[in-house]
Amino acid sequence: MFNIENLNPQEFNYSGARVILFNISNKGYYVSFFGTDSPTLKKYSVIEKYDTNKDDLVIYEKMAIIEKIGDTVDLYKFHDKNSVKTLDYEGKDMSYDEIDKDVEKYIKSNIDDFATFKHTFKKNDTGYYWYQTEVEM
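Cut-offs used in this document
- Residues numbered from 1 in each chain as written.
- Predicted model: local features only at pLDDT ≥ 70, side-chain atom pairs only at ≥ 80, totals over all residues.
- Heavy atoms only, no water.
- Helix = DSSP H or I, 4+ residues; strand = E, 2+ residues; numbered from the N terminus.
- Buried < 20%, exposed > 50% of the residue type's maximum accessible area, 1.4 Å probe, protein only.
- Contact = heavy atoms within 4.5 Å.
- Core = buried A, V, L, I, M, F, W, Y, C linked by side-chain atoms within 4.5 Å.
- Pairing = 2+ DSSP bridges.
- Salt bridge = Lys/Arg side-chain N within 4 Å of Asp/Glu carboxyl O.
- Expected span 1.5 Å × (residues − 1).
- Arc of directions from axis to C-beta.

Q: Looking at this model, I keep getting lost on the side chain of T120. Mind explaining?
A: Mapped onto the secondary structure, T120 falls in strand 8 (residues 115-124). The class of T120 is buried, set by a relative accessible area of 6%. The contacts of T120, once residues within four sequence positions are left out, are L57, V58, Y129, W130, Y131 and Q132.

Q: Explanation requested: the nonpolar core in the structure shown.
A: Among soluble globular proteins, nonpolar side chains are generally buried collectively. Counting residues in each nonpolar core, the largest one holds 13 residues, and the members touching the most others are I66, V73, L75, L87, Y89, V103 and I107. Ranked by the residues each element gives to this core, the list is headed by helix 1 (residues 96-109), at four residues. If we ignore the near neighbours within four places in the chain, the residues touching L75 are I65, I66, S83, V84, K85, L87, V103, Y106, I107 and F114.

Q: Would you mind going over the pairing of strand 5 (residues 56-69) with me for this structure?
A: Looking down a regular strand, the side chains alternate between one sheet face and the other. Counting buried positions along strand 5 gives twelve out of 14 residues, so the element sits mostly inside the fold. One ladder, built from eight bridges, connects strand 5 with strand 8; its direction is antiparallel. Its bridge partner being in strand 8, I59 is matched across the sheet by H119. Bridge count between strand 5 and strand 6 (residues 72-76): five bridges; the pairing is antiparallel.

Q: What is the right way to read the pattern of salt bridges from this model?
A: Working definition: two side chains of opposite charge can pair if their charged atoms are close together. Tallied over the entire structure, the rule returns four salt bridges. For K68, the salt bridge is made with D100, and the minimal N-O distance between the two is 2.2 Å. Taken together, the positions of K68 in strand 5 and D100 in helix 1 put the pair 32 residues apart, joining distant regions of the chain. E104 is paired through a salt bridge with K108; the nearest N and O atoms lie 3.3 Å apart. Of this pair, E104 and K108 both sit in helix 1, four residues apart, which is roughly one turn of the helix. Owing to a relative accessible area of 32%, E104 belongs among the partly exposed residues under this scheme.

Q: Quick question: what am I supposed to make of helix 1 here?
A: Structurally, the α-helix is built with 3.6 residues per turn, so residues lying three or four positions apart point the same way. In a regular helix each residue adds 1.5 Å, so 14 residues correspond to 20 Å; helix 1 covers 20 Å between its end C-alpha atoms and thus fits that length. Here helix 1 has its buried residues at I99, V103, Y106 and I107. Within helix 1, the buried residues cover an arc of 95° as seen down the axis, which keeps them to one side. Exposed positions of helix 1 whose direction lies more than 90 degrees from the buried face are D97, K101, K105, K108 and S109.

Set out below in structure tokens:
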């Protein structure tokens, strides 16, 4: 983050992760840093498409955060406590692998319920470098 004025981070912990809100020109950008002490959190993402031109490579990624707690799985659009969907596996005789496959199937079938991240990479003499990531609502 270079040449940006009025950078005012707000930080908080959530489920073993450190989440930071950067306010830039009255826009909020969340950056989440997953910790190793939270094995219940996973990221599921799908590269939706990509575009290239002479100077840029833009990758569009759909992403869901998965949190397993006991016999339930919460699916998040963003890394916060407002889940998109809670899947309950209580009383079902399913292995962890079967649950993972079922959760993945649900996300694939409902991918439009989750956030799209637009990652922009700029071209220089040696290749591409990361420039920015934006959330598309």
